[in-house]
Amino acid sequence: MIELLPENVANQIAAGEVIQRPSSAVKELLENAVDARSTKIQLIVKDAGKSLVQVIDNGFGMNASDAEKCFKKHATSKIKSADDLFNISSKGFRGEALSSIAAIAHVELKTRTPEDDIGTQVIMEGNQLVKKETIACPIGTSFAMKNLFFNVPARRNFLKSDNVETKHIIDEFQRVAMAHHDIHFTMHHNEHLLFDLPSANRKQRILSIFGKKYNERLVPIEETTSISKIHGFVVKPEFAKRTRGEQFIFVNNRFIKNSSINHAINVSFKDLISKEHFPSYFLFIEVPTNTIDVNIHPTKTEIKFEDERAIYTMIKSCVRNSLGKYNVAPTLDFETESSFNLPPIEQGKTITPPSIKVNPNYNPFHKETKGYVEENLDLIQQNFQKEFDHSNHNDYAENFSSFGSVSSPHFLSYKNRYVVTTQENGLLLIDLFRAHQQIKFEELKANYSNVNIITQKLLHPLEVDLSSGDIQLCVELKEEFLKLGVEIDQFGKDSVVIHSFPTTSTSIDARAFIESCLESFKHENTHFEHPYEKIAWGIAESYAYSRLNKLKNEEINHLMESLFSLASPKFNVKGLPILSEIDENEISKMFK
Ligand code: ADP
Ligand code: MG
């Protein structure tokens, strides 16, 4: 029953591993241009790469014979034997990029070496040579890839919207441009010049990609040992973002992903940024080529280090040192600023929280027809009277700010952060921020797409500067934002502006809001049923945060009522607890 796949099918399958989307071709073509020792490389893209990806370089070109041979499977000039695999200094070596591209697109190559007076043009369609002739052309190489996946419509259908694909292309372009700061790079998309990056030093290159504002945000990193050299920059903790955006690791000028190095940096930033923030970094690691293995993945974005532990330790200590040296650590007051991570207790004061055991099977809210508060109003009131009437003047009670008019149920707020109340057989502790966010989230969801949605024009539109990839994503999501009452627009080359917001609150942290929305779009997560819910969650978060510490007693009472009329008030949409119960047994144990 076994049959061998026809060659063209096998080729297409193999090609799919290397070229998954237009941006993969961008990466491969740019890297080939770098390997050709070019000093200027131009990237030209049309329709997010779906109709054209072209790379023009001024490198050493190819002669007439190589111009045809380069499209063959395993055709490479970069290694000769398996031994060379452990001494790789070029970007490419697998000899499969051009054959893959030729298998699934129309390719037009024009190339000339400095030694030749005349160049060669080669046209390939689905691995077939369609044309080869001599032509006049400048020294260097131009690859134009047209009609990607013309013969694999299923793959074409898997491509995302133009904005998403363009973002991927920009990401690849930036990575290569960052690794090779001494090369002049330009990028055009649909005739617009998106980037013009003349040869520069590393720092200037980063600034010209991410904006001049990074000048004061970067802390230099530098460390040399016998096994490696590490240099680059980390972004000061106070500029940490709520999106994983700017995390770049390069090993021997190759962009790579490595969770261990990422972990080392996260550890160095521990206590300097909140849990919701991610450190940003641009790290360049240089190691002898024979101490790494690049050949473990077709896209070469993962590598194996001979001594990963040593690299880990070294990065941890040198990042930590630099943060200390530049005096970043002690001046930080991150928790009170731009952070949603709420300090549970005043700083400097240590309080050991009681350990709370929750019976997972017990659900006081199983009755959905009637809200919890309505059902238990009397009980809550009686219990409150009994338990707290006589304790108003002791030390214990002073930690709580008591409020609530006689007629309302009794909810005590602790530091405007938690609410305490009683239930039939114990105490309930409610996380006020989480409750508020979940309630707002449900409200926004219910109003999605409602034309009468209450939105508030902002007196002063909020401007947020973003990377071009993030701007693309905002533009892409514009309609969804609007359906939830957020009016957002691109503003200039590197920022967006928010004109209106679905609340009356004036103190929205626009940057935190945008970053947290984008972050949830960049990473698959299963909490949300619909994409718009990610935006709603971001709005709810910003709203709850802007009202933090400002809630009046009546508002808290009102919030608690809303909470207990939710279908499931115990957990938020992400599965984190909104409330905790301390049952009678736990309480009596405390007094043994
Ligand atoms: P690899 O880069 O792994 O060697 P590719 O399929 O990307 O494999 O390229 C095949 C070969 O074509 C390269 O080894 C190189 O000799 C040649 N080549 C590709 N692009 C260029 C270019 N821009 N300039 C000069 N030679 C090139
Ligand atoms: Mg290559």
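Residues numbered from 1 in each chain as written. Chains lettered and ligands numbered in written order. Predicted model: local features only at pLDDT ≥ 70, side-chain atom pairs only at ≥ 80, totals over all residues. Heavy atoms only, no water.

A.B. asks: Please explain the packing of aromatic side chains as it appears in this structure.
C.D. replies: Within a pair of aromatic rings, the relevant descriptors are the distance that separates the centres and the angle that separates the planes. The tally for this structure, following the rule as stated, stands at 18 aromatic pairs. Between the aromatic rings of phenylalanine 248 and phenylalanine 255, the centroid separation amounts to 6.1 Å while the plane-to-plane angle is 65 degrees, which identifies the pairing as edge-to-face. Each member of the pair, phenylalanine 248 as well as phenylalanine 255, is classed as buried. Ring centres 6.1 Å apart and planes at 75 degrees place the aromatic pair phenylalanine 481 and phenylalanine 513 in the edge-to-face group. A residue pair is termed long-range when its members are at least 10 positions apart, and phenylalanine 481 in helix H13 (residues 468–483) and phenylalanine 513 in helix H14 (residues 510–522) qualify at 32 residues. Each of the two residues, phenylalanine 481 as well as phenylalanine 513, counts as buried. Ring pairing ties together the aromatic residues Phe210, Tyr214, Phe248, Phe250, Phe255, Phe282 and Phe284, which thus form one cluster. The ring of tyrosine 214 has arginine 217 sitting right over it, with the charged end atom 5.1 Å from the ring centre. In this structure, lysine 440 packs its charged tip against the face of tyrosine 543, placed 4.2 Å from the ring centre. (Phe/Tyr/Trp six-rings, centres within 6.5 Å; stacked < 30°, edge-to-face > 60°. Buried < 20%, exposed > 50% of the residue type's maximum accessible area, 1.4 Å probe, protein only. Helix = DSSP H or I, 4+ residues; strand = E, 2+ residues; numbered from the N terminus. Lys NZ or Arg CZ within 6 Å of the ring centre and 35° of its normal.)

A.B. asks: Looking at this structure, I do not really get the site of ligand 1. What am I missing?
C.D. replies: Surveying the vicinity of ligand 1 reveals 20 residues, the closest of which are Asn32, Thr76, Ser77, Lys78 and Gly95. In the environment of ligand 1, an oxygen atom lies 2.5 Å from a nitrogen or oxygen atom belonging to the side chain of threonine 76. Within the side chain of threonine 141, one N or O atom sits 3.3 Å away from a nitrogen atom of ligand 1. When isolated, ligand 1 has an accessible area of 540 Å², and the protein chains bury 95% of it. Breaking the shell around ligand 1 down by element, the ones donating at least two residues are helix H4 (97–104) and strand E6 (140–146). For the shell around ligand 1, the class distribution of residues is nine nonpolar, seven polar and four charged. (Near = heavy atom within 4 Å. Polar contact = N/O pair within 3.5 Å; in protein donor to acceptor, adjacent residues only side chain to side chain. Areas by Shrake-Rupley, 256 points an atom, 1.4 Å probe, with all protein chains shown as cover. Nonpolar A, V, L, I, M, F, W, Y, C, P; charged D, E, K, R; others polar.)

A.B. asks: Any chance you could explain the sheet that holds strand E17 (residues 418–423) here in plain terms?
C.D. replies: Remark on secondary structure: sheet strands pair via backbone hydrogen bonds, oriented parallel or antiparallel. Sheet architecture is open: four strands sit in the order E16-E17-E18-E22, paired in antiparallel fashion. On the outer flanks of this sheet lie strand E16 (412–414) and strand E22 (579–583), each paired with one strand and no other. Taken pair by pair, the neighbouring strands of this sheet meet at an average axis angle of 25 degrees, ignoring direction. With five bridges connecting them, strand E18 (residues 426–431) and E22 associate as antiparallel partners. Bridge pairing in E22 links glycine 426 to aspartate 583. Sheet contacts for helix H16 (residues 553–564): E16, E17, E18 and E22; angle to E18, the most-contacted strand, approximately 105 degrees. (Pairing = 2+ DSSP bridges. Axes fitted to C-alpha atoms, helices over the stretch in contact; angles between N-to-C directions. Contact = heavy atoms within 4.5 Å.)

A.B. asks: So what exactly am I meant to see when it comes to the pairing of strand E4 (residues 119–125) here?
C.D. replies: Among the seven residues in E4, six count as buried, and that is most of the element. Relative to E4, strand E3 (residues 106–112) runs antiparallel, the two sharing six bridges. Along E4, the bridge assignment pairs threonine 111 with threonine 120. Adjacent in sequence and paired antiparallel, E3 and E4 are bridged by six residues.

A.B. asks: Help me out: how do you make sense of a nonpolar patch on the surface in this one?
C.D. replies: A cluster of nonpolar side chains, namely Leu5, Val9 and Ile13, defines an oily patch on the protein surface of about 260 Å² accessible area. Here valine 9 falls in the partly exposed class, since its relative accessible area comes to 31%. (Patch = residues over 30% accessible without salt bridge, like charges linked within 9 Å, V, L, I, M, F, W, Y side chains within 5 Å. Salt bridge = Lys/Arg side-chain N within 4 Å of Asp/Glu carboxyl O.)

A.B. asks: Explain H4 to me, please; I cannot follow it from the model alone.
C.D. replies: Every α-helix winds through 3.6 residues per turn, so residues three or four apart in the chain are directed the same way. The buried count for H4 comes to eight of eight residues, which makes it a mostly enclosed element. Of all the positions in H4, only Ala97, Leu98, Ser99, Ser100, Ile101, Ala102, Ala103 and Ile104 are classed as buried.

A.B. asks: Teacher, can you tell me more about the packing of H14 against helix H15 (residues 531–547) here?
C.D. replies: Between two packed helices, what matters for the description is the angle formed by their axes and the separation of those axes. At a closest axis distance of 9 Å, the pairing of H14 and H15 adopts a crossing angle of 150 degrees. The angle between H14 and H15 falls in the class roughly antiparallel. Remark: the crossing between H14 and H15 carries right-handed chirality. Residues Phe513, Ser516, Cys517, Ser520 and Phe521 of H14 form the contact with H15, whose participating residues are Pro531, Lys534, Ile535, Gly538, Ile539, Glu541 and Ser542. (Parallel < 35°, antiparallel > 145°, perpendicular 65-115°, else oblique. Left-handed = near helix turned anticlockwise from the far one by under 90°.)

A.B. asks: What exactly am I supposed to notice about the nonpolar core here?
C.D. replies: General note: in soluble globular proteins, nonpolar side chains tend to be found buried as a group. Ranked by internal contacts, the top residues of the largest apolar core, which has 59 residues, are Leu30, Leu43, Phe71, Phe143, Phe185 and Phe282. A total of seven residues in this core trace back to one element, the largest contributor, which is helix H6 (residues 162–179). Filtering out sequence-adjacent residues up to four positions away, phenylalanine 185 remains in contact with Leu30, Val34, Ile41, Phe173, Val176, Ala177, His180, Phe195, Asp196, Leu197 and Arg205. Counting 33 residues, the second-largest nonpolar core is a separate cluster that includes Val219, Ile249, Phe305 and Met314. (Core = buried A, V, L, I, M, F, W, Y, C linked by side-chain atoms within 4.5 Å.)

A.B. asks: Could you clarify how one ought to interpret the packing of helix H12 (residues 432–446) against H16 in this entry?
C.D. replies: Two elements in contact, H12 and H16, have axes whose closest approach is 10 Å; the angle formed by their N-to-C orientations is 65 degrees. Pair H12 / H16 crosses with left-handed handedness. Residues Leu432, Ala435, His436 and Ile439 of H12 lie in contact with H16, whose contacting residues are Ile556, Leu559, Met560, Ser562 and Leu563.

A.B. asks: I would appreciate a short explanation of H6 in the present structure.
C.D. replies: Across its 18 residues, H6 extends 26 Å between first and last C-alpha, which sits within 8% of the 26 Å expected from 1.5 Å per residue. For H6, the tally of buried residues reaches 15 of 18 residues, placing the bulk of the element in the interior. (Expected span 1.5 Å × (residues − 1).)

A.B. asks: Explain the state of the cysteines here, please?
C.D. replies: Formally, a disulfide is one covalent bond, and it connects the sulfur atom of one cysteine to the sulfur atom of another. Under the defined criterion, the tally for this structure stands at zero disulfides. With no disulfide of its own, cysteine 474 lies closest to cysteine 517 among cysteine sulfurs, the gap being 8.4 Å. For cysteine 474, a relative accessible area of 3% puts it in the buried group. (Disulfide = S-S within 2.5 Å.)

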